[in-house]
Amino acid sequence: MKFDLKDIPAKFAPVARFLKRYMGTLFVVILVGTCAFLVFRISTYVNQEPSDDDVASKLQGVTRPKIDKATLDKIQELQDQNVQVQTLFKDARNNPFNE
């Protein structure tokens, strides 16, 4: 079996004709396949849950704020005395992201 560089274009001519004829269809099929693959991968990443070890390791680095009893009592006392502050606390409790 001898290979000659001059024979290569002649051997690929049928393939080139096929590709020219169905180029639009092949492009649409490849585009739809790529989009379907991306949607599938995104859905698997969205539904993926972290492992318990990952959650535990992240929680170890978090320091929780501590409020002493006297400060808590003072805040509750002020909340009970002032109607505006009480309204402010209720609004903040219902919607903490509202300014």
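Residues numbered from 1 in each chain as written. Predicted model: local features only at pLDDT ≥ 70, side-chain atom pairs only at ≥ 80, totals over all residues. Heavy atoms only, no water.

Draft legend 1. Looking closely at the overall build of the chain. On a plain count of helices and strands, the chain comes out with 5 helices and 0 strands. Each helix and strand of the chain, ordered N terminal to C terminal, gives the series α-α-α-α-α. For the chain, the residues scored as buried account for 1% of the 99 residues in total. (Helix = DSSP H or I, 4+ residues; strand = E, 2+ residues; numbered from the N terminus. Buried < 20%, exposed > 50% of the residue type's maximum accessible area, 1.4 Å probe, protein only.)

Draft legend 2. Up close: the pattern of salt bridges. Tallying each qualifying case throughout the model produces 1 salt bridge. Measuring nitrogen to oxygen at the nearest pair gives 3.7 Å for the salt bridge that ties K69 to D73. Taken together, the residues span about one helical turn, with K69 and D73 both in helix α4 (residues 69-81) at a distance of 4 residues. Here K69 falls in the exposed class, since its relative accessible area comes to 58%. (Salt bridge = Lys/Arg side-chain N within 4 Å of Asp/Glu carboxyl O.)

Draft legend 3. Broad picture of the packing of aromatic side chains. Per the stated rule, a full pass over the model turns up 1 aromatic pair. Where F18 meets Y22, the ring centres are 5.0 Å apart and the plane angle is 55 degrees; that geometry is what we call tilted. According to the relative accessible area criterion, F18 is partly exposed, its value standing at 46%. (Phe/Tyr/Trp six-rings, centres within 6.5 Å; stacked < 30°, edge-to-face > 60°.)

Draft legend 4. Structural view of a nonpolar patch on the surface. Together, L5, I8, F12, V15, F18, L19, Y22, L26 and I30 make up a nonpolar patch on the protein surface, roughly 870 Å² of accessible area in all. Looking at the nonpolar patch, the elements that each hand over two or more residues are α1 (8-21) and α2 (23-46). Considering every element that reaches the nonpolar patch, the biggest residue donor is α1, with 5 residues. One can find V15 in helix α1. (Patch = residues over 30% accessible without salt bridge, like charges linked within 9 Å, V, L, I, M, F, W, Y side chains within 5 Å. Areas by Shrake-Rupley, 256 points an atom, 1.4 Å probe, with all protein chains shown as cover.)

Draft legend 5. Here's a closer look at α1. Taking 1.5 Å of rise per residue, 14 residues should cover 20 Å, and α1 covers 20 Å from first to last C-alpha, within 8% of that figure. The sharpest bend along α1 comes to roughly 35 degrees, located at P14. The buried count for α1 comes to 0 of 14 residues, which makes it a mostly uncovered element. (Expected span 1.5 Å × (residues − 1). Bend = angle between axes of the 7 residues up to and from the residue.)

Draft legend 6. Just the confidence of the model for the chain, in detail. Looking at the chain, pLDDT values average 84 and 90% of them are 70 or higher. When the elements of the chain are averaged for pLDDT, helix α5 (residues 83-94) gives the smallest value, 69, and α2 the largest, 95. (pLDDT = per-residue confidence, 0-100.)

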